[in-house]
Amino acid sequence: MMREPHLSDQPAFERALDDLIALDPRLVPLVELAGRPSLRRRPPGFAGLAAVVVAQQLSVASVRAIFGRLEATLGGAPRVEAMLAATPEALRAAGLSAPKIRTLTGIARALAEGEVDLDAVAGMEADAAAETLTRLPGVGLWTADIYLLFCLGRADAFPHGDLALQVALGEAFALPGRATPQGLRAVAEDWRPLRGVAAHLLWAYYGARRTRQGAPA
């Protein structure tokens, strides 16, 4: 069985994408439409997990502005100690909502108390790693998988609850509608241990389809 590669940089991602296409030629038309995606990476550890939490349900521009203010408030990239020392008023002034303040401070407290070891998570099998991360306050499977994929470069992390991935699979495989989370997860079993690479491709395909649809005739 193929081992899960580490998506450390774009060349590593390119090799993994070639392996994925060889594994499932049904994905060739997606590459033809969307091109070869770029690897998305964020820093590992609490800083990266904080970035994933801040980005939830916000536009790219909003995330950049809020995260920039958060870094200014915390004196640099988010650290557990700095987050726990910050007042709720300062975090609100940076643009964080009350739920995100609770989540970030709860995560920081849990990490400080050793409830989850992010270094140990990095060495776990992808699904087990995601389940472990959900022990952190406010972290669901989607957040956990996005952290594994973007912050740790885990090639087999796969957020099957992601709406764009469900829509993209439905369109790519000519389903009557978007795939269900369970259906998406079942199809993705064919892509182990490269499900995260497939996620990058499906996101690119989703974006390309909408760019084409929005283009003038």
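Look above for the structure.
As a starting point, this report considers the structure included with it. Throughout this document, residue positions are counted from 1 along each chain, in the order its sequence is written. Local features in this predicted model are restricted to residues whose pLDDT is 70 or higher, and side-chain atom pairs enter the listing and the counts only when it is 80 or higher, whereas totals over whole chains, interfaces and linings include all residues. The side-chain values count all of the structure's non-hydrogen atoms but skip hydrogen atoms and water molecules.

Once that is clear, we can look at the nonpolar core. To form a nonpolar core, buried Ala, Val, Leu, Ile, Met, Phe, Trp, Tyr and Cys residues must be joined to one another through side-chain atoms within 4.5 Å. A 1.4 Å probe rolled over the protein chains alone gives each residue an accessible area, and that area as a share of the maximum for its type sets the label: buried under 20%, exposed over 50%, partly exposed in between. Counting residues in each nonpolar core, the largest one holds 70 residues, and the members touching the most others are Leu133, Leu136, Leu148, Trp191 and Val197. For this analysis, residues touch if any pair of their heavy atoms sits within 4.5 Å. The residues contacting Leu136, other than those within four sequence positions of it, are Leu49, Ile107, Ala110, Leu111 and Val116.

It is worth spelling out the packing of aromatic side chains at this point. Two aromatic rings, drawn from Phe, Tyr or Trp (for Trp, its six-membered ring), form a pair once their centres lie within 6.5 Å of each other, and the interplanar angle then sorts them: stacked below 30 degrees, edge-to-face above 60, tilted otherwise. Inspection of every chain in the model, using the stated rule, returns two aromatic pairs. Aromatic side chains Phe150 and Trp203 sit 5.8 Å apart centroid to centroid with 55° between the ring planes, which places their arrangement in the tilted category. Highlighted residues: Phe150 in helix 10 (residues 141-151) and Trp203 in helix 13 (residues 195-214), separated in sequence by 53 residues. The buried category is assigned to Phe150, whose relative accessible area is 6%. Ring centres 6.3 Å apart and planes at 70° place the aromatic pair Phe158 and Trp191 in the edge-to-face group. Residue Phe158 is found in the loop between helix 10 and helix 11 (163-172), and its partner Trp191 is found in the loop between helix 12 (181-188) and helix 13; the two are separated by 33 residues along the sequence. There is no split in this pair, since Phe158 and Trp191 are both buried. Seen from the ring of Trp203, Arg40 lies directly overhead, with NZ or CZ sitting 4.9 Å from the centre. If you follow Arg210 out to its NZ or CZ, it ends over the ring of Tyr206, 3.9 Å from the centre. Only DSSP runs of H or I reaching four residues or more are called helices, and only runs of E reaching two or more are called strands; each is numbered from the N terminus. Distance and angle both matter: a charge sits over a ring if NZ of Lys or CZ of Arg is within 6 Å of the ring centre and within 35 degrees of the ring normal.

Next up on the list: the side chain of Thr103. For Thr103, the location among the structural elements is in helix 7 (residues 98-112). According to the relative accessible area criterion, Thr103 is buried, its value standing at 15%. With residues up to four places along the chain from it excluded, the contact list for Thr103 reads Val53, Pro137 and Gly138.

A word on the packing of helix 3 (residues 45-55) against helix 10. As a rule, the C-alpha atoms of each element are fitted with a line to give its axis, helices using only the stretch in contact, and angles between N-to-C directions run from 0 to 180 degrees. For the pair helix 3 and helix 10, interaxial distance at closest approach is 10 Å and the crossing angle is 125°. Here helix 3 lies oblique to helix 10, going by the angle between them. Classified by chirality, the crossing of helix 10 by helix 3 is right-handed. Contact residues: helix 3 offers Gly45, Gly48, Leu49, Val52 and Val53, while helix 10 offers Trp142, Thr143, Ile146, Tyr147 and Cys151. Classification used: nonpolar for Ala, Val, Leu, Ile, Met, Phe, Trp, Tyr, Cys and Pro, charged for Asp, Glu, Lys and Arg, polar for all others including Gly. The residue inventory of the contact of helix 3 with helix 10, partitioned by class, reads seven nonpolar, three polar and no charged. Roughly parallel means an angle under 35 degrees; roughly antiparallel, over 145; roughly perpendicular, 65 to 115; everything else is oblique. A crossing counts as left-handed when the near helix is turned anticlockwise from the far one by less than a right angle, and as right-handed when that turn is clockwise.

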